[in-house]
Amino acid sequence: MDVINAAALSTLFAGYRLLFQTAFAAAPSFWQRVAMLSPSTTAEEHYPWLADIGGLREWLGDRVVKALALHDYAIRNKPFEKTIGIKREAIEDDTYGIYGPRFTMLGDAAARHPDTLVFELLAAGFATACYDGQYFFDTDHPVEINGATVSVSNFGGGTDTAWYLLDTTRPVKPLIFQKRKDYNLVRLDRETDENVFMRGEYLYGVDARVNVGFGFWQMAYGSKQTLDADNYSAARAAMQSFKGEDGKPLGIMPNLLVVPPSLEGPARKLLKNEYNAAGATNEWFGTADVLPVPYLA
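Trainee: Would you take a moment to explain the sheet that holds strand E12 (residues 256-259) for this structure?
Mentor: Two orientations exist for strands paired in a sheet by backbone hydrogen bonds: parallel and antiparallel. Here five strands make up an open sheet; going across it, the order is E7-E11-E8-E12-E13 and the pairing mixed. Two strands close off the open sheet at either side, each with one partner strand: strand E7 (155-158) and strand E13 (289-292). Taken pair by pair, the neighbouring strands of this sheet meet at an average axis angle of 15 degrees, ignoring direction. Where E12 lies against E13, four bridges are found, and the strand directions are parallel.

As structure tokens, this is what we get:
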């Protein structure tokens, strides 16, 4: 670059930003299958409504007002960033083009970041509390049914590789991806910026403020038992038996089996083969989609 000035640097940044945005838009992502997007307008968001998953009641007499402050579950936004430094000499010597792939990879990494957060949280659900104070996958979620508190389980037990059966058919998904500030590419490339003045280095980086949390545990079932017909059947039956505080079924319909790569084969054998090994009809064929997730490896 013959002359390094504000206009030239703006043109350079526009090219890098195009590479970033193109890669960001093209990157595959899975988190939307299992998590709902929750826009945020402050440092943290509270979700008291997570305690209310029941349906309507017959209107007899006055309305029954449902208190929403039973559980004070909050998700605090966290800042995330990744930064690239390019030496002034690279700009002067017209070698800045070799940094193009780094901006492509930066856009790809930013697009995949929600997947990393969401599925890390899903895997941590066996030891991380949700809105009721219990682990997301637990054997003793307290549920008040017709005035009596009972313990309900959404954990199949076991010590093998974990798999997850989810109901993602409703507006509120089992997980929450909360976004305060979207992923954005920024720069420090003015002559008066300290990094340029002191070190002759131009800085480009992406940053965001986001976080993840748990939604309704009733829409998820985690198991570390062998992924086979018996354990899959037990998971479906357990989820479909979940009830609200009025004692009526919640109507949970599991439709997505989330597995790490090591369980993709058993999952597809269980849900994608119309017949079993003996040639008999596979009763679980097509009862749920299979979502193999590399972030669960």
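Trainee: Before we go on, may I ask you to explain the sheet that holds strand E1 (residues 35-39) in this structure?
Mentor: Strand order across the open sheet formed by four strands is E1-E9-E10-E4, with mixed pairing between neighbours. With partners counted over all chains shown, the strands left at the sheet margins are E1 and strand E4 (78-87), one partner each. Here the strands of the sheet are splayed against their neighbours by 30 degrees on average, with no regard to which way each runs. As judged from the ten bridges shared by E4 and strand E10 (residues 201-214), these two strands associate in the antiparallel manner. Paired with Lys-87 across the two strands is Glu-201, which belongs to E10. On the sheet, helix H1 (residues 6-26) packs against E4, strand E9 (175-188) and E10 and is oriented at approximately 155 degrees with respect to E9.

Reading guide: rules and limits
Residues numbered from 1 in each chain as written. Predicted model: local features only at pLDDT ≥ 70, side-chain atom pairs only at ≥ 80, totals over all residues. Heavy atoms only, no water. Pairing = 2+ DSSP bridges. Helix = DSSP H or I, 4+ residues; strand = E, 2+ residues; numbered from the N terminus. Axes fitted to C-alpha atoms, helices over the stretch in contact; angles between N-to-C directions. Contact = heavy atoms within 4.5 Å.

By themselves, these observations are geometric and do not establish any function.
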